[in-house]
Amino acid sequence: MIEKGFSKPTDRIMRLKKQIIDARPHVESERAVLATQAYKETEGLPPILRRAKVVEKIFNELPVTIRDDELVVGAITKNPRSTEICPEFSFDWVEKEFETMATRMADPFEIPKQTADELREAFKYWPGRTTSDLASSYMSQKAKDCIANGVFTVGNYFYGGVGHVCVDYGKILNIGFSGVIAEAVRHLEALDQMDPSYIKKQQFYNAVIISYKAAIDFAHRYAAKAQELAGRESNPTRRAELEQIAKNCRLVPEYPASNFWEACQTMWFIQCMLQIESSGHSISPGRFDQYMYPFLKADTTISREFAQELVDCIWIKLNDVNKTRDEVSAQAFAGYAVFQNLCVGGQTPEGRDATNDVSYMCMEATVHCRLPAPSFSIRVWQGTPDEFLYRAAEVIRLGLGVPAVYNDEVIIPALQNRGVSLADARDYGIVGCVEPQAIHKTEGWHDAAFFNVAKVLEITLNDGKVGSTQLGPVTGDPKRWTSLEDFYGAFTKQMAFFVKYLAEADNCVDIAHGERAPLPFLSPMVEDCMGRGKSLQEGGAIYNFTGPQAFGVADTGDSVYAMKKFVFDEKKISMAELKEALDANFGLAIGQKANAVGAGELTEGQIYDAVRKVLSSNKSMDVTALKEEVYRTLSTDTITAPAGSSKYEGIRRLLDSAESFGNDIDDVDLIARKCAQIYCLEVEKYKNPRGGQFQAGIYPVSANVLFGKDVGALPDGRPAKAPLADGVSPRQGKDHLGPTAAANSVAKLDHFIASNGTLYNQKFLPSALAGDNGLRNFASLVRSYFDQKGMHVQFNVVDRDTLIAAQKDPEAYRDLVVRVAGYSAQFVVLAKEVQDDIISRTEQHF
């Protein structure tokens, strides 16, 4: 037997989980009020010291909350799964949504009237003082016009903190916060006052000392709270737990952890305090199994069962973290996503297999909790044990959308190609959705912008115009194109133009964070901020990148192939006819769905004729071969408009009949590869203010749905405003020939140059992964895809009927968790259009 199953969670974990599931997210005001007070009190101080005083104020005065049953404590908010506001980054969008945030389509939050009043009062201080105000002042009007017209957006860091980092948890576990203070004192004492950087460095080290003393006080406040609760507790078991929690918090994280419970408490305090300091999301726990295993191994007094319960408690706490965004961004990040990516497996820096007991405990915790967080990931390489991959497959087939699977054989050389050392590349972790980074040595600015490749295609087809506005350069009337090379010439010029303004916009926001929001608590946990005497936001990290991500690659590739096939090669339509049909949205009303070409809507007679044609020609009865030939037969026949339909319907059906990315057809797949390369190679030409390089990624979060609304009709037959393909995945329903063919297509993209990460979703029917045979098939699929140099793959294992039932009766499916993009979420909290996008993905089977 390959399958082993999983143990049951404890009653405590089930109660803690229920708190999360039942929670109604609230906006709270305490952090915003405290931060505003601190800024008012420090008008004359330099930015780094002002930020230290903000941290000090918040850590000393934020309400201390210990929830029932907790063994690991530390909370950002009084209410479970709620959020604080960080007005120093932006605030006006919050004020505009006081009346609507509780009822908006995506990620609603309750805002009680008293909270709104307190926030409104605090916000009076902030006009002109935020990072977004400063970034906007630096940005050219042209960059703003590109954003307004849906080419790209930098809203992620424009409105909030950066996040997207993995800090050195192991450092704190081994030296404690007191060790960081001692390190800062040593650097202060060693400073040369003749050095022109002396003043800035002195301010930085003093800010670190202020921040870490306050962080120690924060933990001590939890010790006092636990002791107070123990004094009132009548249950002797819980009283003993609270007394031990108090003892733990008096010791850690001020001092090094001495056992596994203290290590768990230290890890969580770090995570919690990082979230409090800044509103950045994707604060990723990184290689949890690597820094936690030494403490488990050395702890001879702890039982395996209790150690597992502690890990489960951390999983619950990760789900307690939440974040609100503006209404538009909430649609792009639908599902209360916070992206705390926790990764296990892979290699050691020396190149040996890194799998250990904690790696498997993380799988157990994921199954015990069955919640969206953490964004659980595994690393796979040639030395990965089969047992590890089979156990991961057992977790995946439960339908939680995790773990996502990453390929060391692509990611390590991709990082080396960006200047990361071999040892650091082997020690990579995943941050946010799918972004690899050298852990605790990188300021990656991953997820720095969404870039809409399909929008650039549309603009190219309109000679640089959006509507009547000449947004991009004039690159020629498409009606005069005589070959695909004419298109590529125009497309490349448009791409260069818009990527230039993307880089400008990102750098404006980057500069603003360095000037107004350096982070003195975060910075000492990333190398080499302490050695360089500067914050992470000012270039203190060893490796500095900016990573904007593209989406719409499959749509663009399929569109270009359709033009090649029907306009330039077969000449079935002219560019003038194609343009006319696109401008008319194929005769469809905006938002109207077109009927796709495929077996689902063909008549029984059409299907019968196609099957008969195939059988009469080759007598094949192999099911897979038969399916492939039938689809090719259907797609190569000229499709005409049915009687009475729009004159453009025949053109749309013709375009829709073209072979598509996702079916292992080189002619199609290599065009998608080229379109993606044009974007990636343009991005990497640029540098950021921290001295690092731009690097491209291809992943959408759920922006493929939101920003599809900015794109008109495309030559692949897609009508205006419909969702785009997600990440590097084929278009929904277009990967006809099974999971291996789809994976083969995706593997042909150049994942090595998309070093900021690529995202590939597959959806399987539960029956496909059933039994030992299903696990073997799954492991073979992953290894085959990785052998062909695919970077990443993640899975939804759920059938369409279950998802539709959950739409109709959400209360009955509140614990249904699905994979959205680079994260999982409760299906029932997603906006309906995102739910529909997940439902529409191809259901694969072996």
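Just so you know, these numbers come straight off a predicted model, no measurement behind them.

Basis of the calculations
Residues numbered from 1 in each chain as written. Predicted model: local features only at pLDDT ≥ 70, side-chain atom pairs only at ≥ 80, totals over all residues. Heavy atoms only, no water. Helix = DSSP H or I, 4+ residues; strand = E, 2+ residues; numbered from the N terminus. Rg over C-alpha atoms; globule rule 2.2 N^0.38 Å. Buried < 20%, exposed > 50% of the residue type's maximum accessible area, 1.4 Å probe, protein only. Contact = heavy atoms within 4.5 Å. Areas by Shrake-Rupley, 256 points an atom, 1.4 Å probe, with all protein chains shown as cover. 1 Å grid on protein atoms, 1.4 Å probe; cavity = no way out; pocket = protein on both sides within 12 Å on 5 of 7 lines; lining within 4 Å. Points joined across faces, edges and corners; volume = space filled by probe spheres on them. Pairing = 2+ DSSP bridges. Axes fitted to C-alpha atoms, helices over the stretch in contact; angles between N-to-C directions. Polar contact = N/O pair within 3.5 Å; in protein donor to acceptor, adjacent residues only side chain to side chain. pLDDT = per-residue confidence, 0-100. Expected span 1.5 Å × (residues − 1). Nonpolar A, V, L, I, M, F, W, Y, C, P; charged D, E, K, R; others polar.

Glancing now at the overall build of the protein. What the protein contains, in helices and strands, is 33 helices and 20 strands. At 27 Å, the protein has a C-alpha radius of gyration in line with the 28 Å of a compact globule built from 846 residues. In terms of overall dimensions, the protein has C-alpha extents of about 80 × 65 × 55 Å along its principal axes. Each of the 846 residues in the protein was classed as buried or not, and the buried ones make up 64%. The long-range share in the protein, meaning contacts at least 24 apart out of those at least 6 apart in sequence, stands at 78%. When the accessible surface of the protein is summed, it comes to about 29100 Å², and 51% of that surface belongs to carbon and sulfur atoms.

To continue, consider the layout of surface pockets. The calculated volume of the second largest pocket comes to roughly 630 Å³. For the second largest pocket, the lining is made up of 32 residues, of which T153, G155, F158, Y159 and D326 are closest to its centre. Counting residues per element, the ones that place at least two in the lining of the second largest pocket are helix 4 (92-96), helix 6 (131-138), helix 7 (141-148), helix 8 (155-159) and helix 15 (327-332).

Looking now at the sheet that holds strand 5 (residues 375-380). Reading across from one edge, 4-5-6-17-16-20 is the order of the six strands in this open sheet, with mixed pairing throughout. Two strands bound the open sheet, and with one partner strand each, they are strand 4 (341-345) and strand 20 (843-844). Bridging between strand 6 (residues 404-407) and strand 17 (residues 792-797) involves two bridges; their strand directions are antiparallel. For V405, the partnering residue across the bridge sits in strand 17 and is V793. Helix-sheet contacts for helix 30 (residues 739-747) involve strand 16 (761-764) and strand 20, and the interaxial angle to strand 16 is about 180°.

Turning our eyes to something else, we now look at the side chain of R12. Checked against the element boundaries, R12 lands in helix 1 (residues 11-22). With relative accessibility at 11%, the residue R12 sits in the buried group. A distance of 2.5 Å separates a polar atom in the side chain of R12 from a polar atom in the side chain of E241. A distance of 3.1 Å separates polar atoms of two side chains, one belonging to R12 and the other to E309.

With that settled, the discussion passes to the confidence of the model for the protein. For the protein, per-residue confidence averages 92 on the pLDDT scale, and 93% of positions sit at 70 or higher. Under a pLDDT of 50 for its full length, residues 614-628 has, in the predicted model, 14 contacts with residues more than four places off or in other chains.

Attention now moves to helix 23 (residues 553-569). With 17 residues, helix 23 ought to run about 24 Å at 1.5 Å a step, and its terminal C-alpha atoms sit 22 Å apart, in line with that. With respect to burial, helix 23 is a largely interior element, 15 of its 17 residues being buried. Of the residues trailing helix 23, K571 is marked for its positive phi of about 55°.

Attention shifts here to empty space enclosed by the protein. Inspection of the entire model under this criterion finds 10 cavities of 30 Å³ or more. Considered as a void within the structure, the largest cavity measures approximately 330 Å³ in volume. Considering the residues around the largest cavity, the lining is formed by 29 residues, among which T83, E84, S279, K323 and T324 are closest to the centre. Elements with a contribution of two residues or more to the lining of the largest cavity: strand 2 (83-84), helix 4 and helix 8. The biggest single contributor to the lining of the largest cavity is helix 8, with three residues. Here the lining of the largest cavity is composed, by residue class, of 10 nonpolar, 14 polar and five charged.

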